[in-house]
Amino acid sequence: MEYTFYFIVILISFFLLSYLYFFFKLEDSQRIKKPSVGEFAPLKNGNIYFQKFEPQNSNGEIVFLVHGFSTPSIVWKGVIPFLTKSGFNVIAYDHYGRGYSARPKVNYTKDFYISTLIELKTFLNIDQKVHLVGYSMGGPIVGYFANEFSEMVSSVNFIAPAGCMNQDSSNLSLFIKILSLPGISHYISTVFPSLMYGGNSSIKLSTEEDINKLSQTELNKVYEYQMKFEGFTRSLLSTAKNFNLFNTRNMYKELGKKNIKTSVIWGSSDEIVSIEGLDSMKEDIPDINIEIVNNGKHDITYALPTRVGEFLALQLRSFLQDE
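Below is a short write-up of the structure. (Residues numbered from 1 in each chain as written. Predicted model: local features only at pLDDT ≥ 70, side-chain atom pairs only at ≥ 80, totals over all residues. Heavy atoms only, no water.)

## Topic: the environment of Asp-284
Tracing the chain through its elements places Asp-284 in helix α10 (residues 277-284). Distance from Asp-284 to Lys-253, taken between C-alpha atoms, is 4.6 Å for residues 31 residues apart in sequence. For Asp-284, the residues in contact, after removing those within four places along its chain, are Arg-249, Tyr-252, Lys-253 and Gly-256. Only 2.7 Å separates the side chain of Asp-284 from the side chain of Arg-249, close enough to count as a polar contact. (Helix = DSSP H or I, 4+ residues; strand = E, 2+ residues; numbered from the N terminus. Contact = heavy atoms within 4.5 Å. Polar contact = N/O pair within 3.5 Å; in protein donor to acceptor, adjacent residues only side chain to side chain.)

Here it is, written out as structure tokens:
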């Protein structure tokens, strides 16, 4: 009995001390500093970090780039030059909780992400139609946005979009429910944040073949910086809990009924969002333009930006010619 008591005390002490150690290592998100490039938009829930890229010869069209679950807007660095070279004005931003943006204590629902995008668009005084590009989780965000505000959208373009997965998500749902239990969520997200996104303090590129790829050093730097501040893993956990990223087929079906130009590019070897979901996407959006990157992984946006950038630029130019 005495040994059991000491064991329990030691176990509790271990969990408590490990939690406190990692918790106090986190910095207050109010101390996030804007980098030398880009701007802060002071929106309702705090600062949103964004960058604007203007071409030398603008065609007057605007493209919003919407990143995914955990890796911030740095993923677009190699893609953006292909869009500006084609005359498009580009805006890329960090979601709340990621990158250089604020970490508000709210429920990270789909409506929260949609309202943030509309707020940013309003802040920038953009009243024309825009082209939307959504990567991974950004796919459902731009899809829902287009369904709700179709009069504001010229085209919707997906990169390995979440939400049209054919695989059973019951195990993932159980994992999320466990993580959402009081106390457990705070402990796991603080002490073992990698469980939330499958990485360590950085994400390693799957290939080095593209000369325009994001450098591993820069990716590590940005990823490590965003993890320094309280609220990063909290935002991931809240998103996983409150934004159904495993089945958004009804949204894609609704989008397929609208007269909005669409495209999708997907890696054939995507280990996060299986390309098997492409079959259902083609069924839901029959007129969608498709590009498959052979052997491409989920990181094609920043590991293979030449393929992605060329495809997006071609699609957007062709959409303008069809008008």
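Here the narrative resumes, following the displayed structure.
## What to know about the packing of aromatic side chains
Following the criterion strictly, the structure yields 15 aromatic pairs and no others. Aromatic pair Trp-76 and Tyr-135: ring centres 6.2 Å apart, planes at 75 degrees, arrangement edge-to-face. Residue Trp-76 is found in the loop between β3 (62-66) and α2 (80-85), and its partner Tyr-135 is found in strand β5 (residues 130-135); the two are separated by 59 residues along the sequence. Judged on exposure class, the residue Trp-76 and its partner Tyr-135 are both buried. On the numbers, 6.2 Å between centres and 55 degrees between planes, the contact of Tyr-108 with Tyr-113 is tilted. (Phe/Tyr/Trp six-rings, centres within 6.5 Å; stacked < 30°, edge-to-face > 60°. Buried < 20%, exposed > 50% of the residue type's maximum accessible area, 1.4 Å probe, protein only.)

## Quick notes on the pairing of β3
Most of β3 sits out of view: five of its five residues are buried. Taken together, the five bridges between β3 and strand β4 (residues 89-93) define a ladder with parallel strand orientation. Residue pairing for β4: Val-63 is matched across the bridge by Val-90. A crossover connection joins β3 to the parallel β4 through α2; in handedness this β-α-β unit is right-handed. Pairing of β3 with β5 involves four bridges; the strand directions are parallel. Residue pairing in the sheet places Val-63 in a bridge with His-131 of β5. (Pairing = 2+ DSSP bridges. Right-handed = clockwise from strand over helix to strand, strands pointing away.)

## Some thoughts on unusual backbone geometry
Residue Asn-125 is not a glycine yet carries a positive backbone phi of 55 degrees. Position of Asn-125 relative to the elements: it lies in the loop between α3 (110-123) and β5.

## Considering the sheet that holds strand β6 (residues 153-159)
Pairing between sheet strands relies on hydrogen bonds along the backbone, with the strands arranged either parallel or antiparallel. Across the sheet, eight strands lie side by side as β1-β2-β4-β3-β5-β6-β7-β8; this open sheet has mixed pairing. Edge strands, defined here as strands with exactly one partner in the open sheet, are β1 (39-43) and β8 (289-293). Averaged over all pairs of adjacent strands, the angle between strand axes in this sheet comes to 20 degrees, irrespective of strand direction. Where helix α12 (residues 305-322) meets the sheet, it contacts β3, β5, β6, β7 (261-267) and β8, and its direction lies at approximately 165 degrees from that of β7. (Axes fitted to C-alpha atoms, helices over the stretch in contact; angles between N-to-C directions.)

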